[in-house]
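# Structural overview for review
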Amino acid sequence: MTTTLRPAGPEQRGQDGARTRGYTVCVNGRPVGSVRIDAEPHGGPGRIDTLTIDEPDRRRGRGTVAALAAEEVLRQWGCTRVLVSVPDEAEYALRLVTALGYTETNRTLHKVLPPDAGPRELPPGSTLRELSAQDRAEWLARQRADFVAALTAAGVPVAHAESHAAASYAQALPGGSPAPGSRLLALDHDGSTVGRLWLHTAPGPGWVQAVEVPAPHRGHGHGRTLMLAAEAACHAAGTTAVGLNVFTTNAVALRLYASLGYRVTMRQLWKPLA
């Protein structure tokens, strides 16, 4: 039995150099599934997307061979690393990519807001306020630097990490100001700023862009206070759910989100293409 990839259509190229193509997974010429691969421009990573094997042919190694063949195409395209996103409930797919040497870097979490997710009384001595322009600029610059550092620690080349951060922040902060539906908040406690929150409330599901509690103020529940404030703000804006991304190295944050009822919906993994 020989498993191969057969082009399902012409390769598509963007003006910026991005590439994408769909393939049919075949066994001795018989279609048994499909896969799409993408490559970001300028030496960015490749991605294996929507790899599916038909039910009668599953658990026979078809998916493994198809993934390895897709990796080889990405190598030929000049990619030096490959990314995959695996739904949390796809246990077999997660075992497959782990066996192929992929490393989990971050998770997407989601929470459906309860009906009583409205404003809650803050702990004694705590107040929420909008970030001042100066505080906002300094904090966002630090957040961007930390984001680049986290990406490079996960194996992303520095140039690509900086390019990705620049594009992400330009979209979220057009002209240097938060996009409509976004809020930047500070949590003060007994006269000191103990945390900051960057939140997208609308349109669509709420999204926590960033939440930070400086090291000297951790362990006092301020992160929980900020997350509850985020949920209340989303509830007030008419959204019914909140999501966020968290790096798997942040064990403290993972425990906090789990205690608040957030569940993993997607796992992101990567692998170098030597």
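Notes on the structure follow. (Residues numbered from 1 in each chain as written. Predicted model: local features only at pLDDT ≥ 70, side-chain atom pairs only at ≥ 80, totals over all residues. Heavy atoms only, no water.)

A few words now on the packing of helix 5 (residues 222-236) against helix 6 (residues 251-259). Where helix 5 contacts helix 6, the two axes come as close as 11 Å, and the packing angle between them is 50°. On the basis of the axis angle, helix 5 is oblique to helix 6. Every pair of crossing elements has a handedness; the one defined by helix 5 and helix 6 is right-handed. Only Leu-256, Tyr-257 and Ser-259 of helix 6 make contact with helix 5, whose side of the interface consists of Gly-223, Arg-224 and Met-227. (Axes fitted to C-alpha atoms, helices over the stretch in contact; angles between N-to-C directions. Helix = DSSP H or I, 4+ residues; strand = E, 2+ residues; numbered from the N terminus. Parallel < 35°, antiparallel > 145°, perpendicular 65-115°, else oblique. Left-handed = near helix turned anticlockwise from the far one by under 90°. Contact = heavy atoms within 4.5 Å.)

To continue, consider the packing of helix 3 (residues 133-153) against helix 4 (residues 158-172). Across the interface, helix 3 lies against helix 4 with an axial gap of 9 Å and an inter-helix angle of 140°. Accordingly, the angle class assigned to the pair helix 3 and helix 4 is oblique. Read as a crossing pair, helix 3 and helix 4 show a hand that is right-handed. Contact residues: helix 3 offers Leu-140, Gln-143, Arg-144, Phe-147, Val-148, Leu-151 and Thr-152, while helix 4 offers Val-158, Ala-161, Glu-162, His-164, Ala-165, Ala-166 and Tyr-169. Per-class residue counts for the contact of helix 3 with helix 4 are nine nonpolar, three polar and two charged. (Nonpolar A, V, L, I, M, F, W, Y, C, P; charged D, E, K, R; others polar.)

Before going further, it helps to examine the side chain of Thr-225. Looking at where Thr-225 falls in the secondary structure, it is placed in helix 5. With a relative accessible area of 10%, Thr-225 lands in the buried category. (Buried < 20%, exposed > 50% of the residue type's maximum accessible area, 1.4 Å probe, protein only.)

Our focus in this paragraph is the pairing of strand 4 (residues 30-39). Here nine bridges tie strand 3 (residues 19-27) to strand 4, and the two strands are oriented antiparallel to one another. Bridge pairing in strand 4 places Thr-20 opposite Asp-38. Here six bridges tie strand 4 to strand 5 (residues 46-53), and the two strands are oriented antiparallel to one another. Following the sheet pairing, Ile-37 is matched in strand 5 by Ile-48. Joining the antiparallel neighbours strand 4 and strand 5 is a turn of six residues, in which His-42 adopts a positive phi near 60°. (Pairing = 2+ DSSP bridges.)

With that settled, the discussion passes to the pattern of salt bridges. Pairing is possible between side chains of opposite charge, provided their charged atoms come close. The final tally for this structure, using the stated rule, is 20 salt bridges. Residues Arg-75 and Glu-72 are paired through a salt bridge, measuring 3.3 Å at the closest nitrogen-oxygen approach. Taken as a pair, Arg-75 and Glu-72 lie in helix 1 (residues 62-76) at a separation of three residues, close to a single helical turn. Since its relative accessible area comes to 30%, Arg-75 is described here as partly exposed. Because the salt bridges share partners, they merge into one network encompassing Arg-129, Asp-135, Arg-142, Asp-188, Arg-196 and Glu-212. (Salt bridge = Lys/Arg side-chain N within 4 Å of Asp/Glu carboxyl O.)

With that settled, consider the environment of Leu-100. The residue Leu-100 is located in the loop between helix 2 (91-99) and strand 7 (103-112) in this model. For Leu-100, a relative accessible area of 15% gives the class buried. In sequence terms Leu-100 and Lys-271 are 171 residues apart; their C-alpha atoms lie 8.6 Å from each other. Contacts of Leu-100, omitting those with residues within four sequence positions, involve Thr-64, Ala-67, Leu-68 and Lys-271.

Taken as a whole and judged by the stated rule, the model has one aromatic pair. In this arrangement the basic side chain of Arg-59 is found over the ring face of Tyr-92, its NZ or CZ atom lying 5.0 Å from the centre. (Phe/Tyr/Trp six-rings, centres within 6.5 Å; stacked < 30°, edge-to-face > 60°. Lys NZ or Arg CZ within 6 Å of the ring centre and 35° of its normal.)

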